[in-house]
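Breakdown of the fold
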Amino acid sequence: FANYGLKATTESGQDLFGQAANFLQNDFYVDDGLKSFTTPENDIDIIRSTQAMHAAVNLRLHKFASNS
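Figured I'd write up the structure that's included with this text. Source: prediction; values computed, not measured. (Residues numbered from 1 in each chain as written. Predicted model: local features only at pLDDT ≥ 70, side-chain atom pairs only at ≥ 80, totals over all residues. Heavy atoms only, no water.)

A separate point is the overall build of the protein chain. Within the protein chain, the secondary structure is distributed over 3 helices and 2 strands. Going residue by residue from the N terminus, the α and β elements of the protein chain occur as α-α-β-β-α. Relative to the compact-globule value of 11 Å for 68 residues, the protein chain shows a C-alpha radius of gyration of 11 Å, a close match. Taken along its principal axes, the extent of the C-alpha atoms in the protein chain is 30 × 25 × 20 Å. Counting the 68 residues in the protein chain, one finds 26% classified as buried. (Helix = DSSP H or I, 4+ residues; strand = E, 2+ residues; numbered from the N terminus. Rg over C-alpha atoms; globule rule 2.2 N^0.38 Å. Buried < 20%, exposed > 50% of the residue type's maximum accessible area, 1.4 Å probe, protein only.)

Here's what the structure looks like:
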């Protein structure tokens, strides 16, 4: 069910949240995402965008970890 929710969210948000949709398509396995960023600001931007994309379909994306 988790995989279907992520894929459906990605497809519906592709136009409005392109970078976040790309993150979900390429850097998620089931419900875990793993990605490296050059700056913490880039990381924060993609997290917020991905959360906004999920919020648009009433899903809550949470539990993030960083070494920065």
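Back to the text.
Below, the discussion takes up the nonpolar core. In terms of nonpolar packing, the biggest core is built from 10 residues, these being Leu6, Phe17, Ala20, Ala21, Phe23, Leu24, Phe28, Ile46, Ile47 and Met53. Breaking this core down by element, the ones donating at least two residues are α2 (18–27) and α3 (40–55). Top contributing element to this core by residue count: α2, with 4 residues. The residues contacting Ala20, other than those within four sequence positions of it, are Ile46, Ser49, Thr50 and Met53. (Core = buried A, V, L, I, M, F, W, Y, C linked by side-chain atoms within 4.5 Å. Contact = heavy atoms within 4.5 Å.)

Another point: the packing of aromatic side chains. Aromatic rings considered in pairs are described by the distance between their centres and by the relative angle of their planes. One pass over the full model with this rule turns up 1 aromatic pair. Relative to Phe28, the ring of Phe23 lies with its centre 5.2 Å away and its plane at 80°, an arrangement referred to as edge-to-face. Assigned by exposure class, Phe23 and Phe28 land together as buried. (Phe/Tyr/Trp six-rings, centres within 6.5 Å; stacked < 30°, edge-to-face > 60°.)

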